[in-house]
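Notes for the structure review
Here is what each chain is made of, one letter per residue.
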Amino acid sequence: MFARLATQTQRRASARIAMAAPSRLFSASSAARTVLPSLNTYTEVAKFSREQVLPKVQQMDENELLDKSVLNGLFEQGFMGIETSADLGGSESSFTSAIIVVEELAKVDPSISVICDVQNTLVNTLFRKYASAELQKKYLPQLASGKVGCFCLSEAGSGSDAFSLQTRAVKDGNKYVINGSKMWITNSYEAEIFLVFANVDPTKGYKGITCFIVEKDWGVKVAKKEIKLGIRASSTCSLSFDDVEVPAENVLGEVGKGYKYAIEILNEGRIGIAAQMLGLAQGAFDNALPTCTSASSLALPLPTSRSGMQFQVAQVAMEIEAARLLTYNAARLKEQGKDFVKEAAMAKLYASQVAEKAASKAVEWVGGVGFTREFPVEKFYRDCKIGAIYEGTSNIQLQTIAKLLKPKYA
């Protein structure tokens, strides 16, 4: 019965999504950088999610492993190089388009969403903004066509205080030798290109931190793959670097500027996580509501026909829409070149809170079936918690917001 209900709900949700158009959403030949994505951006990502991701969600979650066909599909659709220029193999679309893709993927599987998010808002953006023309020409086509990248900042003793990192890079002629370890690195199990933050001169403190482009076959070791509560298809690993030699030309940007790059890119990345949490909230809501309006797990009056439940549904719907507006506004400000740090923190914080509430309520609304793994809302419930943790905890977001409000009212 539970499997049948889940199938019916998924079918209803799918029926509301327009059938797609081209086989590849982003085409380099027709690329145009615009602030407002076309309607096809929504419908075609939804089609891809429904047809290629949805059938694999439960298996990937149970195996805690990304299906290679899904990863290949992300590249084939142009989802892994959304802002990368067409002449470097990318889709040459907008930041807002990237945010829409992240949101739409999260409605089906937040694990797949964050894989796409990290590739676009962190890895590719670092290359585009700070790498030399030669490094962009070498690596961005690879990242757009088939190679996963990851952002290696966090360590065992440096989480929210990332700039106390202990990984070292020592200059030796025309190369650097890196020693140290990283923890909680998203996409690292599949990654072949690593952006590694290491300190070249500890006496300078955080001003010695430098970003290096490291290829996996140079000696990067996946030390441990974490077993997680949620987003299980997205790999999170510990990495070790033992005398890993990196050519000096593979310094990304300037020596000693890694701390600056990390701060700036994480501010952008928070909009991506807001989009992921927004999509998660909408996905939980969309999966729960058809069941609530068509059946009752305990043969009681339909939840949406009782005022108490109606109020809950209305409240969550309103909060999802508010999170969407916060997220899109932060993306708009970023694209217009305006200050967006406060708005990004607000969007990330609020969207993560709404995701937790929406997923929790979705489990309650559908009753006993919501507590089983045969129905998708329990996975959304497990997946949502990470939103309050990665790319800056909720307390860090509150701290950022308060800090940026202070000058206005001091």
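Residues numbered from 1 in each chain as written. Predicted model: local features only at pLDDT ≥ 70, side-chain atom pairs only at ≥ 80, totals over all residues. Heavy atoms only, no water.

1. Some words on the overall build of the protein
Test applied: Secondary structure counts use DSSP, requiring at least four H or I residues in a row for a helix and at least two E residues in a row for a strand, with both numbered from the N terminus. A 1.4 Å probe rolled over the protein chains alone gives each residue an accessible area, and that area as a share of the maximum for its type sets the label: buried under 20%, exposed over 50%, partly exposed in between. Residue contacts are counted whenever heavy atoms from the two residues lie within 4.5 Å of one another. Method for areas: the Shrake-Rupley scheme with a 1.4 Å probe, in which residue coverage is limited to the protein chains shown.
Secondary structure summary: the protein contains 12 helices and eight strands in total. Taken over 410 residues, the protein has a buried fraction of 54%. Contacts spanning at least 24 positions in sequence make up 75% of the contacts within the protein whose residues lie at least 6 apart. Entry remark: accessible area of the protein is about 17,300 Å², with carbon and sulfur atoms responsible for 55%.

2. Thoughts on unusual backbone geometry
Even without being glycine, asparagine 187 reaches a positive phi, approximately 75°. Here asparagine 187 shows up in the loop between strand S3 (175–186) and strand S4 (193–199). For asparagine 187, a relative accessible area of 1% gives the class buried. Despite not being glycine, glutamate 391 shows a phi value in the positive range, around 55°. Mapped onto the elements of the fold, glutamate 391 is located in the loop between helix H11 (377–384) and helix H12 (394–409). Given a relative accessible area of 13%, glutamate 391 falls into the buried group.

3. Focus on the environment of threonine 210
Spelled out, the test is: Within 3.5 Å is the distance limit for a polar contact, defined as a pair of N or O atoms, with the added protein rule that one can donate a hydrogen and the other accept it, and that residues adjacent in sequence qualify only through two side-chain atoms.
Turning to its location among the elements, threonine 210 is positioned in strand S5 (residues 209–215). With 41 residues separating them in the primary sequence, threonine 210 and alanine 169 have C-alpha atoms 8.4 Å apart. A distance of 2.8 Å separates a polar side-chain atom of threonine 210 from the backbone nitrogen of glycine 256.

4. Side note on the pairing of strand S7 (residues 236–247)
Basically, it comes down to this: A pair of strands counts as paired when DSSP detects no fewer than two bridges linking them.
Where S3 and S7 come together, nine bridges link them in antiparallel fashion. Note that in S7 the partner of lysine 175 across the bridge is proline 247. One ladder, built from four bridges, connects strand S6 (residues 221–225) with S7; its direction is antiparallel. Counted as the bridge partner of valine 222 is leucine 239 from S7.

5. Details of the nonpolar core
This is how the line gets drawn: What makes a nonpolar core is a set of buried Ala, Val, Leu, Ile, Met, Phe, Trp, Tyr and Cys residues whose side-chain atoms join them at distances within 4.5 Å.
Grouped together as the largest cluster of nonpolar side chains are 71 residues, with contacts concentrated most on Leu126, Phe127, Phe151, Phe197, Leu252 and Trp365. If you tally residues by element for this core, the top one is helix H8 (residues 258–294), at 17 residues. Leaving out residues up to four positions away in the same chain, phenylalanine 151 has contacts with Leu122, Val123, Leu126, Ile185, Leu195, Phe197, Ala262, Ile265 and Leu266. Residues Val45, Ala98, Cys150 and Val220 belong to the second largest nonpolar core, which totals 40 residues.

6. Considering the pattern of salt bridges
The following threshold applies: The term salt bridge refers to a pairing of a side-chain nitrogen on Lys or Arg with a carboxyl oxygen on Asp or Glu at a separation within 4 Å.
The full count for this structure, using the stated rule, is 24 salt bridges. As a salt-bridge pair, glutamate 51 and lysine 47 come within 2.8 Å of each other at their nearest N and O atoms. Here glutamate 51 and its partner lysine 47 are both found in helix H2 (residues 39–53), four residues apart, which amounts to about one turn of the helix. One salt bridge in this structure joins arginine 232 and aspartate 61, with 4.0 Å as the shortest N-O distance. Placement of the pair is arginine 232 in the loop between S6 and S7 and aspartate 61 in helix H3 (residues 57–63), with a sequence separation of 171 residues. Judged by its relative accessible area of 5%, aspartate 61 falls in the buried class. Where salt bridges share partners, they join Asp61, Arg232, Glu378 and Arg382 into one cluster.

7. Re a nonpolar patch on the surface
The condition is simple: Residues form patches when they are more than 30% accessible in relative terms and have no salt bridge. Like charges link within 9 Å. Nonpolar side chains (Val, Leu, Ile, Met, Phe, Trp, Tyr) link within 5 Å.
There is a patch of nonpolar side chains on the surface, built from Leu65, Tyr189 and Val222 and spanning about 240 Å² of accessible area. Relative to the helices and strands, valine 222 is located in strand S6. Taking the relative accessible area as the measure of exposure, valine 222 reaches 31% and is therefore partly exposed.

8. A look at the side chain of lysine 379
Among the secondary structure elements, lysine 379 is positioned in helix H11. According to the relative accessible area criterion, lysine 379 is buried, its value standing at 8%. In this structure the side chain of lysine 379 is engaged in a polar contact, spanning 2.5 Å, whose partner is the side chain of aspartate 383. Residue contacts for lysine 379: discarding those within four places in its chain leaves Val57, Asp61, Asp109, Pro110 and Ser111.

Without other data, these values stay purely geometric and don't point to any function.
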